[in-house]
Amino acid sequence: MKQLKAGVWVWLFWLLVGALSSAGAPRIVFDYSYDSNGFFTPARRVLMERAAAEFTSRMTSTTWAQVDPTTAGGHYELAVINPSTITVSWATNTVIPTNQITVHVGAIDFTKSPVVMMTNSTGDGAAQLLGVRNVSGAITNLLTNPALFRPVDASISFDLQGILGFGGSISAQWYFPTNADLNIDDQPAAPNNCYYSDFYAAAVHELGHVLGIHNPAMFQSLVSSDPNFCAAWMSRVQSDGQGGYVFTGAHAKQCYYNHIGANIPVDPDTLCHWADGVRSTPNNNWTSVTDEDHQPFRVPFSELEFGALQDLGYVITPVPRASITSLTVSNSLLNWRVGGLIPYLQCYLALNTNLAAANGWTNVQVIVPTGTVATVSGPIPPNANRLFFGLRR
């Protein structure tokens, strides 16, 4: 759960229409057939696709093997969770295609969820549910491998209260636009300390769990998973000898800001969230998979977390860089800051296969969180449709 707060970094979210991604790259396919409450409007579906692209754009060299016991040998059962009712059924020997997972999405009033830990949401809860059981035979090498996590079909539920308006016990609402409007957050006149939570950031957070930063024991009362499912993550979570727990993955440790090479503290209650205060390189960046309060707006998946996915067996490509010829803003206060940062801006490129390809873009404008307009001019790099810039405030 994330509040819409001003932070150390302002993330400018650029939407550019670009070419399609590589055909062989992993795909996260969203299934909206369970959305019986009508939560996912077309615009909200676009946000989900963009959140998925934040991951898959960095996984173009990763291969997810086909899950098919009839060819690999063995047996397993896959949890199929309705995200709008939180009911579970088990499917036997489901075939999951090469380089693909399906994520069922929907919304439910969390206060009516059968999962106790979900019922205390005040409007902005989100939860991922996934699991496998009765795994046997050769397929265990794929589904319970401590060296390599193969993601499986899963579900993500969002709190339906987050679109119903403030009132009673509902003190939080989802925020769907791509630009922050801090004027609507934490107003003194707002009842019950109302605030808005960034829907996109919540989607990224939950997808991080689906892709392997996950402790099956979290929802064991609902989804009784094989104890070795997610062994790639759990085998790297160890006691620190002082009552806490740490993640020991070598790649993630190299991105632990101000503590390069050290074990990374995790939340002792869940074992699948980073502990409060954990930050990522390159610039003291917040992490996404955390329950720490007062996160800044639109926290992307951090380099530390991409390092963790490497530790789980993913092949993560470096952050691509783009050549920007100029950057101007209409606010004089920001102008000198932006001008000095042009040589150092790092571009996070992501592909979205659901946007039409287009060429010849030479300029794009976006409203930044301050309410001013920033403009990038010059040739847009090929194969790009989204860029994030981190500008120190």
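Calculation rules
- Residues numbered from 1 in each chain as written.
- Predicted model: local features only at pLDDT ≥ 70, side-chain atom pairs only at ≥ 80, totals over all residues.
- Heavy atoms only, no water.
- Helix = DSSP H or I, 4+ residues; strand = E, 2+ residues; numbered from the N terminus.
- Buried < 20%, exposed > 50% of the residue type's maximum accessible area, 1.4 Å probe, protein only.
- Contact = heavy atoms within 4.5 Å.
- Areas by Shrake-Rupley, 256 points an atom, 1.4 Å probe, with all protein chains shown as cover.
- Pairing = 2+ DSSP bridges.
- Axes fitted to C-alpha atoms, helices over the stretch in contact; angles between N-to-C directions.
- Disulfide = S-S within 2.5 Å.
- Core = buried A, V, L, I, M, F, W, Y, C linked by side-chain atoms within 4.5 Å.
- Salt bridge = Lys/Arg side-chain N within 4 Å of Asp/Glu carboxyl O.
- Phe/Tyr/Trp six-rings, centres within 6.5 Å; stacked < 30°, edge-to-face > 60°.
- Lys NZ or Arg CZ within 6 Å of the ring centre and 35° of its normal.
- Polar contact = N/O pair within 3.5 Å; in protein donor to acceptor, adjacent residues only side chain to side chain.
- pLDDT = per-residue confidence, 0-100.
- Expected span 1.5 Å × (residues − 1).

### As for the overall build of the protein
And step 1. A tally of regular secondary structure across the protein gives eight helices and 19 strands.
And step 2. Within the protein, the proportion of its 393 residues that are buried is 56%.
And step 3. Partitioning the intrachain contacts of the protein with sequence separation of at least 6 by distance along the chain shows that 72% fall at a separation of at least 24.
And step 4. Surface summary for the protein: the accessible area is close to 15800 Å², and the carbon and sulfur share equals 52%.

### Quick word on the sheet that holds strand β4 (residues 87-92)
And step 1. Here three strands make up an open sheet; going across it, the order is β4-β3-β7 and the pairing antiparallel. The open sheet is flanked by β4 and β7 (132-136), the only strands paired with a single partner. In this sheet, neighbouring strand axes are inclined to one another by 20° on average, regardless of whether the strands run parallel or antiparallel.
And step 2. Where strand β3 (residues 75-82) and β7 come together, three bridges link them in antiparallel fashion. Bridged to leucine 78 within β7 is valine 132.

### As for the state of the cysteines
And step 1. If you walk through the whole model with that rule in mind, you get zero disulfides.
And step 2. Left without a disulfide partner, cysteine 230 is nearest to the cysteine sulfur of cysteine 272, which lies 8.9 Å away.

### Regarding the nonpolar core
And step 1. Counting 81 residues, the largest nonpolar core has Phe158, Trp233, Trp274 and Leu309 as its most contacted members.
And step 2. Ignoring any residue separated from it by four or fewer positions in sequence, one finds tryptophan 233 in contact with Gly212, Ile213, His214, Phe247, Val266, Leu271, Cys272, Trp274, Ala308 and Leu312.

### Considerations on the pairing of strand β8 (residues 154-159)
And step 1. Of all six residues in β8, six are buried; the element is thus mostly enclosed.
And step 2. The alternating pattern of β8 places Ala154, Ile156 and Phe158 and Ser155, Ser157 and Asp159 on opposite faces, both of which are buried.

### Looking at the pattern of salt bridges
And step 1. Overall, the coordinates contain four salt bridges when judged by the stated rule.
And step 2. A salt bridge links arginine 298 to aspartate 198; the shortest N-O distance between them is 2.6 Å. With arginine 298 in the loop between β15 (285-286) and α7 (303-311) and aspartate 198 in strand β10 (residues 195-198), this pair connects stretches of sequence that are 100 residues apart. The same class applies to arginine 298 as to aspartate 198, namely buried.

### Side note on the packing of aromatic side chains
And step 1. Considering all chains together, one arrives at 22 aromatic pairs under this definition.
And step 2. With a centroid separation of 5.1 Å and 50° between ring planes, the pair formed by phenylalanine 176 and phenylalanine 199 is classed as tilted. Placement of the pair is phenylalanine 176 in the loop between β9 (172-175) and β10 and phenylalanine 199 in helix α4 (residues 199-210), with a sequence separation of 23 residues. As far as burial versus exposure is concerned, phenylalanine 176 and phenylalanine 199 are alike and both buried.
And step 3. Taken together, the aromatic side chains of Phe30, Tyr32, Phe39, Phe40, Phe158, Trp174, Phe176 and Phe199 make up a single cluster linked through ring pairs.
And step 4. Lying over the aromatic face of tyrosine 32, arginine 45 brings its terminal NZ or CZ to 4.1 Å of the ring centre.
And step 5. The ring of tryptophan 286 is capped by arginine 279, whose NZ or CZ atom sits 3.8 Å from the centre of that ring.

### Considering the side chain of serine 113
And step 1. Relative to the helices and strands, serine 113 resides in the loop between β5 (100-108) and β6 (126-129).
And step 2. Given a relative accessible area of 8%, serine 113 falls into the buried group.
And step 3. A polar side-chain atom of serine 113 sits 3.0 Å from the main-chain amide nitrogen of valine 115.
And step 4. Ignoring sequence-local partners within four residues, the contact set of serine 113 consists of Ile86, Ile108, Met118 and Thr119.

### A word on the confidence of the model for the protein
And step 1. Considering every residue of the protein, the mean pLDDT works out to 78; 71% of them sit at 70 or more.
And step 2. Here residues 186-193 scores under 50 on pLDDT; set against residues more than four positions off or in separate chains, the count is eight contacts.

### Topic: the environment of tryptophan 286
And step 1. Note on placement: tryptophan 286 falls in strand β15.
And step 2. Judged by relative accessible area, tryptophan 286 falls into the buried class, the value being 15%.
And step 3. In this structure the C-alpha to C-alpha distance between tryptophan 286 and phenylalanine 301, which are 15 residues apart in sequence, comes to 8.7 Å.
And step 4. Leave out the neighbours within four places in its chain, and tryptophan 286 touches Arg279, Glu292, Asp293, His294, Gln295, Pro296, Val299, Pro300 and Ser302.

### Side note on the sheet that holds β5
In any sheet, the strands associate via hydrogen bonds between backbone groups, in a parallel or an antiparallel arrangement.
And step 1. Strand order in the open sheet formed by four strands is β2-β5-β8-β6, and the pairing between neighbours is mixed. Here the strands that pair on one side only, and so sit at the sheet edges, are β2 (27-31) and β6. Each strand axis lies, on average, 25° off the axis of its neighbour in the sheet, ignoring direction.
And step 2. Contacting β2, β5 and β8, helix α1 (residues 42-56) crosses the sheet at an angle of about 160° to β2.
And step 3. Across the sheet, α4 lies against β2, β5, β6 and β8, angled at about 150° from β8, the strand it touches most.

### Here's the deal with α1
And step 1. Helix length check: α1 (15 residues) gives 21 Å between terminal C-alpha atoms against 21 Å at 1.5 Å per residue, within 8%.
And step 2. The element α1 is largely enclosed, with a buried count of 11 among its 15 residues.
And step 3. Taken as a whole, α1 has its buried residues at Arg44, Leu47, Met48, Glu49, Arg50, Ala51, Ala52, Ala53, Glu54, Phe55 and Thr56.

### Some remarks on unusual backbone geometry
And step 1. In the segment running from threonine 281 into proline 282, the intervening peptide bond is cis, with an omega of 10°.
And step 2. Assignment of secondary structure puts proline 282 in the loop between β14 (279-280) and β15.
And step 3. Notably, asparagine 134 is not glycine yet its phi reads approximately 50°, a positive angle.
And step 4. Within the element layout of this structure, asparagine 134 appears in strand β7.
And step 5. The class for asparagine 134 is partly exposed, based on a relative accessible area of 45%.
And step 6. A positive phi angle is found at cysteine 230, which is not glycine, with a value near 70°.
And step 7. Accessibility expressed as a relative area gives 1% for cysteine 230, which makes it buried.

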